[in-house]
Amino acid sequence: MRFITPSFTSNQFGLLDLNAIALNTSPAFSLRREHPTGRSYSAFLKAFAEHFDIPVRCGIDVRDLSPLPAGGFELETTAGPLRAGFVIWAAGEFQYPWLQPFPGAEHCLHSSLVRSWSELPGDSFLVIGGYESGIDAAVQLSRLKKRVTVLDRKPKIDPESSDPSTTLSPFTAERLARARASGRVEVVEGVDVVAVDRAKSGWAIYAADGSVRISKTQPILATGFTGSLTLIRHHFEWDDDGAVQLTHEDESTRTPGLFVAGPMVRHKNVILCFIYKFRQRFAVIANAIANRLGVDTAVLEGYRKRGMYLDDLSCCDERCVC
Ligand SMILES: Cc1cc2nc3c(=O)[nH]c(=O)nc-3n(C[C@H](O)[C@H](O)[C@H](O)COP(=O)(O)OP(=O)(O)OC[C@H]3O[C@@H](n4cnc5c(N)ncnc54)[C@H](O)[C@@H]3O)c2cc1C
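None of the values given here were measured: they were computed from a predicted structure.

The rules behind each value
Residues numbered from 1 in each chain as written. Predicted model: local features only at pLDDT ≥ 70, side-chain atom pairs only at ≥ 80, totals over all residues. Pairing = 2+ DSSP bridges. Helix = DSSP H or I, 4+ residues; strand = E, 2+ residues; numbered from the N terminus. Expected span 1.5 Å × (residues − 1). Buried ≥ 20, exposed ≤ 12 C-beta atoms within 10 Å, placed from the backbone. Arc of directions from axis to C-beta. Contact = placed C-beta atoms within 7 Å.

## Comments concerning the pairing of strand E9 (residues 193–199)
Strand direction decides the pairing type here: E9 and strand E10 (residues 202–207), joined by six bridges, are antiparallel. By the bridge assignment, Asp197 is partnered in E10 with Ala204. What sits between the antiparallel neighbours E9 and E10 is a turn of two residues.

What follows is the structure, given as structure tokens:
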């Protein structure tokens, strides 16, 4: 797996590397890679934690948390209870795939559970979901000379949008164009899959328009993630579209002292699901907590000047004139 956002050592001119998570850092510089792999980025994060002396304790699973009557929280963890004055929930999405988007989805293989595309037996595949994960699966399989049909209910290249949270990223669009040119990848739009079942000759995929497709190989599910907030869902309010409700400081509207950082953060139409977006909210949370603790926040002005402190989301206009 690789990043889709490029890394570039543009820091000298005030343009922070898109995949950097703090000032004066650049994965492009540390890793000498434009599109780091997951493994190399984790090496960057480890080096980062060591350099900045961040205490990280691994191998502990947080299962739930409870607000304490006198303030703060008790966390239920595999290492026993832990206490904290504030909690910033940053447990991401990837480890929490959405396994039941429609009846029979258990017959499919979720894309996040594939360790290597070369391990899948068969010559032709059907992928449900044609956004970043689905197209990545199709590109990888086509490189292995497999035929792939991708089904999606809506076109994922939106000519009106430049926001990679709503339209395919340039990196993926370019790879898709190459895969399509090979003749092995077909993307079928306007197909709303409503069920999957086992069939005599493989798997039957049922769509809302009444059509049925048969796949000889296990269908690949690329319909997204429920995310880690499902573990502590009851500590938040949710809107009708399933978006978590947060204050302007990314704090739970239901549970004061509980903040969210990462790709789950969204405010109305602003979806902060890329690192270069959500990293700009770290300082907002730091500011909120520091203010409550009476800590001087002057240092955060440097973050604002360098594009790492985004508290006015009204400026996130995505229009590109060309
Ligand atoms: C193939 C792929 C390519 C991507 N490319 C890009 C890209 O190019 N650019 C970009 O900006 N984003 C990209 N993303 C998305 C990006 O990786 C995520 O948005 C980012 O990793 C989220 O960071 P995070 O720290 O919030 O969560 P994660 O990276 O998911 O990290 C969560 C951490 O929390 C831990 N954890 C989870 N649950 C618990 C628990 N209950 N208790 C304790 N610990 C827990 C996990 O072990 C993990 O260490 C990509 C994702 C994938 C899968």
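## Remarks on helix H4 (residues 170–181)
Compared with an ideal rise of 1.5 Å per residue, which puts twelve residues at 16 Å, H4 spans 17 Å between its outermost C-alpha atoms and is within 8% of the ideal. Regarding H4, the residues found buried are Thr172, Arg175, Leu176 and Ala179. Projected down its long axis, H4 shows its buried positions confined to an angular sector of 105 degrees, all on one face. The exposed residues of H4 that point more than 90 degrees off its buried face are Glu174, Ala177, Arg178 and Ala181. In this structure, the buried residues of H4 make contact with helix H3 (132–143) and strand E8 (185–189). Following H4 by one or two positions, Gly183 has its phi on the positive side, about 80 degrees.

## What to know about helix H6 (residues 282–293)
Compared with an ideal rise of 1.5 Å per residue, which puts twelve residues at 16 Å, H6 spans 17 Å between its outermost C-alpha atoms and is within 8% of the ideal. Residues of H6 that are buried include every one of Phe282, Ala283, Val284 and Ala288, and no others. The inward-facing, buried residues of H6 abut helix H7 (300–305). Directly beyond the C-terminal end of H6, a positive phi value near 70 degrees is found at Gly294.

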